[in-house]
Structure formats: C-alpha cells, structure tokens
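Breakdown of the fold
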Amino acid sequence: MKTKTKLGFIILAVSLISIAGVIWQSELKSDATKETVEKKEQPSVLTVDQTNPLTVTSKKVQVYVDPSLYSTVAETDNDYVLLKKEPDEKSETVTKLYRGEWGLYLVTQGDWIKINTNEGKIGWLKKENTEIATSSRKVKPTLAQFKVVLDAGHGGVDTGAESEDGTLIEKELTLQTVKKVGAALEKLGVTVVYTRTKDEYLELSTITKKAMAEDADLFISLHYDKYDYDNGMDGQTTYYYYQEDKEVATILNNALDQNLSLNNNGIRVGNYFVLRQSNRPSLLLELGYLNSDRDLALLKQTDFQANVANGIATGVRAYVESLNK
C-alpha cells in the first residue's frame, strides 16, 4: 500500500511538472508572438539602424567686448582682450584674443576664468570679458543624422564681387550654387538648412547664430573671389579658423580638387567673422576669382556649379566616414 502510494505521488509530480512545462513554453511562444506583432506595427523608419548618436559636450568660452568700446569699421586695441598667465591684472600677458573668439573652458577662480585657446595657450580672462556656452558634437553619426548649414555669401545690398564684364555677380552665384549643393547633400540623406534662400542681406552675426542655433555638424559659407588686380590670382581655396576644423577643411578641399578644373590653393587659416564667431565646425570656400580670365571661363561652364555640388557632397560623405573610424 505504501509503495503504491509513493508511486502514485511520483506519477502525479511528474505530471504536474510536465503540465507546468507546457504552460511555460506556451507563455514563451505567446510573448514571442506578441513581440513580433509589436515590431511589425512600428513605423518602418525604426527598422533601420538610426539610433541617436552619442554626443560629446564641452564648455566653451567666447571672448566678449562691450560693443560700445569698439568700431565695426576699423580695428583698434579695443577689439582685443589680454589673456593673463595668472588670475591677476598685473600678471604677465600670455597673448591677446580677438573679440568673438572661442576657447575651451577649464576652471573659474573668483572673477577670472581659465581657458585653453585655439592656439593651445592657457591663461586667464576676466569674467566680464567672457560668455560661456556648452557645445556638443556627435560621435560616429550616420549621413541621416548629419546636419549641414549652408550659407550663400553676400546678398541684398551686399553684392560681393563682380566680373569685369558684369555677367557674374557673387551674391547671385553663391545663391545658385548653394541650392545645388543642398540638393546634392539631401540625396545623401543629409539634413540641410540654409541661411538664406533669396536675395537678402544678413548680418554676419545672424549667420553665425543660425549655425549655432541649428547645432550644425558642419557650417559651409560659399563665396567667389576677386583679386586687387586682374589675373593676379586664380583657383579655389578652403578656409578654416579653429585647429579642430583643419581635418574637415582638408577633406573637403581634396574632394573639390578632384571635381573641379580650378587650380587648388589648398587650405588656409582665415580670420573671418563667420568662422571665428561660431563654435560649430565651420568652413568658408572661395570657388574661383571673378577677375581671373582662366577662372571666369570655367565658372561660366554649364556644369561648373554641379561639379562644385558633387565635390562638396563627396567631401561631406568622406568626412562622416572619417568620424566613424
């Protein structure tokens, strides 16, 4: 009797375990089915690997000068602020910084802020001569996560350069070119924002604020050049201001060189307002001289602006690829 009872208990236990296993497996299948259904109901864009990129943030310091102290038409000593070796006005001067320039924030001590400048010089600025902002940059972005702010140089009352025969005006050329560049970038999936899409004048400060407000991954200002006398210079030039933008300047300059018949003047540091005053990666491109006979003949070719657009698009794609290495 005891043996039969024990055997019965064993059979009952095995049965219960089997039933529980069936139920558990059923629940797993149910959950798996539910998960599959939920994925199918999600928008298709989520099926593509478009997760938000990691970002790195840094605190930056902009050199500030009260506008009432300087002139916008002539450079004076008031355009500069002294960077001190120690947080003391009587301390040795390390260098002088132009208003609007950005440096990396290090630390605050009393009424002084310690920064690392674009040239790698470390020193102290008085708080009253600083404005602090946080700047972020994407790490390993995809083309679909990349945003470019395009600026058509000049506009409105500011006509820019003009060819001697009057057939080409810089403000018109830059606007035509920037639209072609934008279209080429959008084909890559890049987000494009324009500072202007019509013939209008914009303050330089408005342009740089646009690039920063949009958190541009790259700001590009397009221009055409004119030398002091005819045929004195020719070719295309890529300008940058901050050392951290040297790499992207090199990449885009090389891409343009492969797509244009213009002579290549390479990359150069340019102390331009739209480069110096922006804390976003920024470039200014000069796409040929309007008073160079050689350049003018190339600029008038029907495919020139399309070649510029292809060159910039190729360069942006190469730059994004470099960020993913």
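Owing to the predicted nature of the structure, the values given are computational and were not obtained by experimental measurement.

So, about the overall build of the protein. Regarding its fold elements, the protein presents seven helices and 13 strands. Counting all 325 residues of the protein, 40% fall into the buried class. Look at the contacts in the protein between residues 6 or more apart in sequence, and 74% of them connect residues 24 or more apart. By element, 51% of the accessible surface of the protein is carried by carbon and sulfur atoms, the whole surface being about 18,000 Å².

With that settled, the discussion passes to the packing of aromatic side chains. Under the criterion given, the structure shown has five aromatic pairs. Note on Y80 and Y98: the rings are 5.1 Å apart at their centroids and 80 degrees apart in plane angle, and the pair reads as edge-to-face. Of the two residues, Y80 sits in strand β2 (residues 80–84) while Y98 sits in strand β3 (residues 93–98), which places them 18 residues apart along the sequence. For Y80, a relative accessible area of 25% corresponds to the partly exposed category. Ring geometry for Y239 and Y272: centres 5.2 Å apart, planes at 85 degrees, overall edge-to-face. Of this pair, Y239 sits in strand β11 (residues 236–240) while Y272 sits in the loop between β12 (264–269) and α5 (273–276), and the two are 33 residues apart along the sequence. You can call Y239 buried: its relative accessible area is 8%. If you follow K96 out to its NZ or CZ, it ends over the ring of Y80, 4.5 Å from the centre.

Let's shift gears to a nonpolar patch on the surface. Taken together, L104, L106, V107 and I122 make up a surface patch of nonpolar side chains, about 300 Å² in accessible area. Among the elements that line the nonpolar patch, the one with the most residues is strand β4 (residues 102–109), at three residues. As for its position among the elements, V107 is in strand β4.

Next up on the list: the pattern of salt bridges. Working definition: two side chains of opposite charge can pair if their charged atoms are close together. A complete count under the given rule lists 13 salt bridges for this structure. The closest approach of N and O atoms between E214 and K147, which form a salt bridge, is 3.0 Å. Note that E214 is positioned in the loop between α3 (204–213) and β10 (218–225) and K147 in strand β8 (residues 147–152), a separation of 67 residues in sequence. For E214, a relative accessible area of 24% puts it in the partly exposed group. With a shortest N-O distance of 3.8 Å, E214 and K210 are connected by a salt bridge. A relative accessible area of 31% places K210 in the partly exposed class. Overlapping salt bridges, with partners in common, bring together K60, R137, E244 and D245 in one network.

Next up on the list: the sheet that holds β12. Across the sheet, six strands lie side by side as β9-β8-β10-β13-β11-β12; this open sheet has mixed pairing. A strand with exactly one partner marks an edge of an open sheet, and here the two such strands are β9 (191–194) and β12. Along the sheet, successive strands turn relative to each other by an average axial angle of 20 degrees, direction set aside. Relative to strand β13 (residues 282–289), β11 runs antiparallel, the two being bridged by four bridges. Within β13, the residue paired with T238 across the bridge is L285. Packing of helix α2 (residues 170–187) onto the sheet brings it into contact with β8, β9, β10 and β13, and relative to β10 it is tilted by some 145 degrees. Running at roughly 170 degrees to β8, α3 makes contact with β8, β9 and β10 of the sheet.

Moving on, we get to unusual backbone geometry. With a phi angle near 55 degrees, K140 is a residue other than glycine that sits in the positive phi range. Tracing the backbone shows K140 in the loop between β7 (130–139) and β8. Backbone geometry at H154 places phi at a positive 70 degrees, although glycine is not the residue there. Inspection of the secondary structure puts H154 in the loop between β8 and α2. Exposure remark for H154: the relative accessible area of 26% places this residue in the partly exposed category.

Next up on the list: helix α7 (residues 304–323). In an α-helix, one full turn covers 3.6 residues, which means residues spaced three or four apart are oriented alike. If you check α7, its first and last C-alpha atoms are 29 Å apart, about what 20 residues at 1.5 Å a residue would give, namely 28 Å. Within α7 the residues assigned to the buried category are F304, Q305, V308, A309, G311, I312, A313, G315, V316, Y319, V320 and S322. Residues of α7 that are buried in the fold lie against α2, β10, α4 (246–259), β13 and α6 (293–299).

So, on to the side chain of T195. You can see T195 is positioned in the loop between β9 and α3. Only 2.6 Å separates the side chain of T195 from the side chain of D151, close enough to count as a polar contact. In this structure, T195 is in contact with V149, L150, D151, A152, L202, I207, K210 and F219, ignoring residues within four places of it in sequence.

Rules and cut-offs
Residue numbers here run from 1 along each chain, matching the order of that chain's written sequence. Where totals are concerned, whole chains, interfaces and linings use all residues; where local detail is concerned, this predicted model gives features only for residues with pLDDT of at least 70, and gives and counts side-chain atom pairs only at 80 or more. Side-chain descriptors were evaluated using all non-hydrogen atoms of the structure, hydrogens and water having been removed beforehand. Secondary structure is summarised from DSSP: a helix means a run of H or I of at least four residues, a strand means a run of E of at least two, and numbering begins at the N terminus for each. Between buried and exposed lies partly exposed: a residue is buried under 20% and exposed over 50% of the maximum accessible area for its type, with that area taken using a 1.4 Å probe on protein chains only. Here, residues are in contact when the closest pair of their heavy atoms is within 4.5 Å. Exposure was quantified through the Shrake-Rupley algorithm and a 1.4 Å probe, taking into account, for residues, occlusion by the shown protein chains and nothing else. Aromatic pairs are defined between Phe, Tyr and Trp rings, using the six-membered ring for Trp, whenever the two ring centres lie within 6.5 Å; interplanar angles under 30 degrees are classed as stacked, those over 60 as edge-to-face, and all others as tilted. Charge over a ring is defined by NZ of Lys or CZ of Arg lying within 6 Å of the ring centre and within 35 degrees of the ring normal. Here, patches come from residues exposed beyond 30% relative accessible area and free of salt bridges, joined within 9 Å for like charges and within 5 Å for nonpolar side chains (Val, Leu, Ile, Met, Phe, Trp, Tyr). In what follows, salt bridge is the name for a side-chain nitrogen of Lys or Arg lying within 4 Å of a carboxyl oxygen of Asp or Glu. Strand pairing is defined by DSSP finding a minimum of two bridges between the two strands. Convention adopted: a line fitted to C-alpha atoms gives each axis, helices being fitted over their contacting stretch, and angles between N-to-C directions are expressed from 0 to 180 degrees. For a helix, the expected span equals 1.5 Å multiplied by the residue count minus one. Any N or O atom pair separated by 3.5 Å or less is treated as a polar contact, with the protein-specific requirement of one donor-capable and one acceptor-capable atom, and with residues adjacent in sequence counted only for side-chain atom pairs.

Take it as geometry only, folks, not as evidence of what the structure does.
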